[in-house]
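Overview (structure and organization)
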Amino acid sequence: GTCASPVTNTWKGTTNNNWNTASNWSTSSVPIASQNVTIPSGLTNYPTATSAVSFNTMTLKNGATFIPGNNTVTGNINYKRRLPNTDWYLISPPVSGESIEDIITNHSLATGTGSNVGLANFINTDSNPWNYKSAASSGTLNAAQGYSIKLQAAADVSFTGSANTSDVNYTVTGGNSNNFYLLGNPFTSYVNSTAFFTKNTALLSAQSMWLWDGSTYQTYNLVSPLEIAPAQGFFVDIDDNVSNQNIVFETSNQSHQSTDTFMR
């Protein structure tokens, strides 16, 4: 016999934020392991898992959120983030397991000097810290690490991988030629900047973060906090005395928000 294609079960959020509430779903039933899940843009309620969840694939449209908490998530996640022009953007994978080659293959990246394409990471021990990729580059897009990306035309950037369901650590060291690290939100949900600062105070020279808005860096701190959007990259300044310590993104610091703060 032939295999039927997977049923798509679309989140509507009709009732509340609870993944396990059947009336929140287009099929009037909670997703099962064989189904494809779609989480659309522009809803009022977004799903939070309160126990283990399974699906075949989950597609999160631009601005949509999903909070797995510490619960097991079985299934591949595809997160789409709309880049509405050809500016440079600071991005970060909201999933684990995405590869550099996948990003290069599946997007029309801008081209630059020599073999450079519009994807770079930031190496603060180098005098030229922007490390531009070429069409042949490979490796992993690390969770909690930020990257800079530039497309040839407005399009979605698409990240595929697995949900981060425990605290995400990123190792940093101060005393480099510059102490800035390009980090990013590793979750498919919002992260509060104040809670991030509180957790990581001892590692930061200032409780500030800097986001690129296409023309200038915007500063966020305890006076002007931010709900950091999924896929958002940002800079922090690491204290000189820090050596191989972990910046921590806590699973407890996740929320759904009604306003999309992604810098565009």
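The structure this text deals with has already been given above.
This is a predicted model, so every value here is computed, not measured.

Description of the pattern of salt bridges
As enumerated under the stated definition, the model contains three salt bridges in all. Ionic pairing is found between Arg81 and Asp260, a salt bridge with its closest N-O pair at 2.8 Å. Separated by 179 residues along the polypeptide, Arg81 in strand β4 (residues 73-83) and Asp260 in the segment after β17 (245-249) bring together distant segments of the chain. Judged by relative accessible area, which is 0%, Arg81 ranks as buried. With a closest N to O distance of 3.9 Å, Glu250 and Lys199 form a salt bridge. One end of the pair, Glu250, is in the segment after β17; the other, Lys199, is in helix α2 (residues 193-200), and 51 residues separate them in sequence. The partly exposed category is assigned to Glu250, whose relative accessible area is 22%.

Comments concerning the environment of Thr72
In this structure, Thr72 sits in the loop between β3 (53-60) and β4. Residue Thr72 is classed as exposed on the basis of its relative accessible area, which comes to 51%. Each C-alpha atom of the pair Thr72 and Val53 lies 6.4 Å from the other, and the pair is 19 residues apart in sequence. Not counting chain neighbours up to four residues away, the residues in contact with Thr72 comprise Ala52 and Val53.

Focus on α2
Regarding α2, the residues found buried are Ser193, Phe196, Phe197 and Asn200. Looking straight down α2, one finds its buried side chains confined to an arc of 100 degrees; they lie on one side. Near the N-terminus of α2, the side chain that reaches the backbone nitrogen of Thr194, with its oxygen 2.9 Å away, is that of Asn192.

Structural notes on the packing of aromatic side chains
Counted according to the given criterion, the structure contains 18 aromatic pairs. Centre to centre, the rings of Trp19 and Phe66 are 5.3 Å apart; their planes meet at 45 degrees, and the pair counts as tilted. Residue Trp19 is located in the loop between β1 (8-10) and β2 (36-39), and its partner Phe66 is located in the loop between β3 and β4; the two are separated by 47 residues in the primary sequence. Exposure class is identical for Trp19 and Phe66. Each is buried.

Basis of the calculations
- Residues numbered from 1 in each chain as written.
- Predicted model: local features only at pLDDT ≥ 70, side-chain atom pairs only at ≥ 80, totals over all residues.
- Heavy atoms only, no water.
- Salt bridge = Lys/Arg side-chain N within 4 Å of Asp/Glu carboxyl O.
- Helix = DSSP H or I, 4+ residues; strand = E, 2+ residues; numbered from the N terminus.
- Buried < 20%, exposed > 50% of the residue type's maximum accessible area, 1.4 Å probe, protein only.
- Contact = heavy atoms within 4.5 Å.
- Arc of directions from axis to C-beta.
- Polar contact = N/O pair within 3.5 Å; in protein donor to acceptor, adjacent residues only side chain to side chain.
- Phe/Tyr/Trp six-rings, centres within 6.5 Å; stacked < 30°, edge-to-face > 60°.

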